Amino acid sequence: MAKEEQKLGEGSSQNSNSQFPEIITVLPGDDVTEIINNLVHSSKKSSNTKTNTSKERTTKLGNGLRLIEQDENENNTIKKYIFTATLAGRLQHRITSKAITFHILANTKRYFPQRNDRIVATIDERIGDYYRVTIPHASTGSALLPITAFEGATKRNRPMLNHGDLVYCRIDSETEQSRVMEPFVSCCVRPGEISSGGLSKKDWMTDEGTYGQLKGGCTASISLGLAQELLLPHNVVLDALGRSSIPFEICIGVNGMIWVKTKEDQPEYTILILNAIENSQVMTEGQVRGMVKALVKTVRSSIDSQD
């Protein structure tokens, strides 16, 4: 399957993705209104300078942020809006041509499903026209996958999944009760994901689509914070592994599960990739690139000596 077109968020290299010039750590309850307003203002100035247009980007709030409305005067005629943090972590933002999105990068222990999140799940059982899938580390524990929720699938022509099979899918719907009730998931690419680039919408029978059954390979559990880091565009460790000429496919679920498949399922390279990802969370960019080069050199030398 064409998983290596990098499940690194919905953006691609065509979008303008940037980080804050410095690491900004926030705690629950912190007022981040001034920081967000300043960055939005800077984004508008930068956009006007490059394109000579006054078109504004939409400001969106992601995971860990909340908008609070307050009355600024006694007559309740003037409203004041405050952005506050609900999680402890790093405040980050992502800029595209249409929007600027802010979120908190937090290393929580439990995953709460949110619409359009990409996850790695396990087929549990079939119930009528649905599969019940298990979502590791999730607050709900499971979700429902319609049997026709695959690209080009019908009731007669669809994947036949069994207990224990792995699927890469996205949260298709969530409600106010999604923290305690089962959400729905889908293996179909939504239109917005195609227009943003980097995703493949192909029939499920080709095994080249973005979502679908994961065959072979190896799965591993990682921290939710590390999973979010891996999904950022231009992630350092994935970039270094991609430059190492090791052919591999990878799917990253924000629920803290990753799936890796190397050519002919070579265990040496699979272990190398998993170790590199795990080690990267405590290293600088330079250390990560050096670590990947050292691991690749050691593993290749070991394979050559065996031949």
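Preceding this section is the structure that the text describes.
What you see is a predicted model, and the numbers here were worked out from it, not measured in a lab.

A. A look at unusual backbone geometry. At histidine 137, a position not held by glycine, the phi torsion is positive, near 70°. Locating histidine 137 in the fold gives a position in the loop between β8 (130–134) and β9 (142–146). Look at histidine 137 and you get partly exposed, because its relative accessible area is 32%. The phi dihedral of aspartate 207 is positive, around 60°, even though this residue is not glycine. By the element assignment, aspartate 207 lies in the loop between α2 (191–195) and β12 (212–214).

B. Seen up close, helix α6 (residues 285–306). The first and last C-alpha atoms of α6 sit 32 Å apart over 22 residues, in line with the 32 Å expected at 1.5 Å per residue. Of the positions making up α6, those classed as buried are Val288, Met291, Val292, Val296, Val299 and Ile303. Axial view of α6: buried residues confined to an arc of 130°, hence all on one face. Of the residues in α6, the exposed ones pointing more than 90 degrees away from the buried face are Gly286, Lys293, Lys297, Thr298, Asp304 and Ser305. Tucked inside the fold, the buried residues of α6 contact α4 (236–242) and α5 (267–280).

C. Representation of the sheet that holds strand β13 (residues 218–221) in the model. The three strands are arranged β13-β15-β14 in an open sheet whose pairing can be described as antiparallel. Two strands close off the open sheet at either side, each with one partner strand: β13 and β14 (248–253). Pairs of neighbouring strands in the sheet enclose a mean axial angle of 20°, with direction left out of account. Both β13 and strand β15 (residues 257–262) contribute to a ladder of four bridges, which runs antiparallel. When the sheet's bridge partners are listed, alanine 220 is paired in β15 with isoleucine 258. Along the sheet face, α5 touches β13, β14 and β15 and points at about 145° away from the line of β15.

D. A look at the pattern of salt bridges. With the rule as written, the count across this model stands at ten salt bridges. Residue glutamate 229 pairs with arginine 90 through a salt bridge whose shortest N-O separation is 2.1 Å. With a gap of 139 residues between them, glutamate 229 in helix α3 (residues 224–230) and arginine 90 in strand β5 (residues 89–95) connect regions that are remote in the sequence. On the basis of relative accessibility, which here comes to 27%, the residue arginine 90 falls in the partly exposed class.

E. Region of interest: the state of the cysteines. Going through the model one piece at a time under the given rule, you end up with zero disulfides. Left without a disulfide partner, cysteine 169 is nearest to the cysteine sulfur of cysteine 187, which lies 5.1 Å away. What makes cysteine 169 buried here is its relative accessible area of 0%.

F. Structural context of the packing of α5 against α6. Running from N to C, α5 and α6 point in directions that differ by 165°, and their axes come no closer than 10 Å. The orientation of α5 with respect to α6, classified from their angle, is roughly antiparallel. With respect to the hand of their crossing, α5 and α6 are arranged in right-handed fashion. Residue-level contacts link Glu268, Tyr269, Leu272, Ala276, Asn279 and Ser280 of α5 to Val288, Met291, Val292, Leu295, Val296, Val299, Arg300, Ile303 and Gln306 of α6.

How each quantity is defined
- Residues numbered from 1 in each chain as written.
- Predicted model: local features only at pLDDT ≥ 70, side-chain atom pairs only at ≥ 80, totals over all residues.
- Heavy atoms only, no water.
- Helix = DSSP H or I, 4+ residues; strand = E, 2+ residues; numbered from the N terminus.
- Buried < 20%, exposed > 50% of the residue type's maximum accessible area, 1.4 Å probe, protein only.
- Expected span 1.5 Å × (residues − 1).
- Arc of directions from axis to C-beta.
- Contact = heavy atoms within 4.5 Å.
- Pairing = 2+ DSSP bridges.
- Axes fitted to C-alpha atoms, helices over the stretch in contact; angles between N-to-C directions.
- Salt bridge = Lys/Arg side-chain N within 4 Å of Asp/Glu carboxyl O.
- Disulfide = S-S within 2.5 Å.
- Parallel < 35°, antiparallel > 145°, perpendicular 65-115°, else oblique.
- Left-handed = near helix turned anticlockwise from the far one by under 90°.

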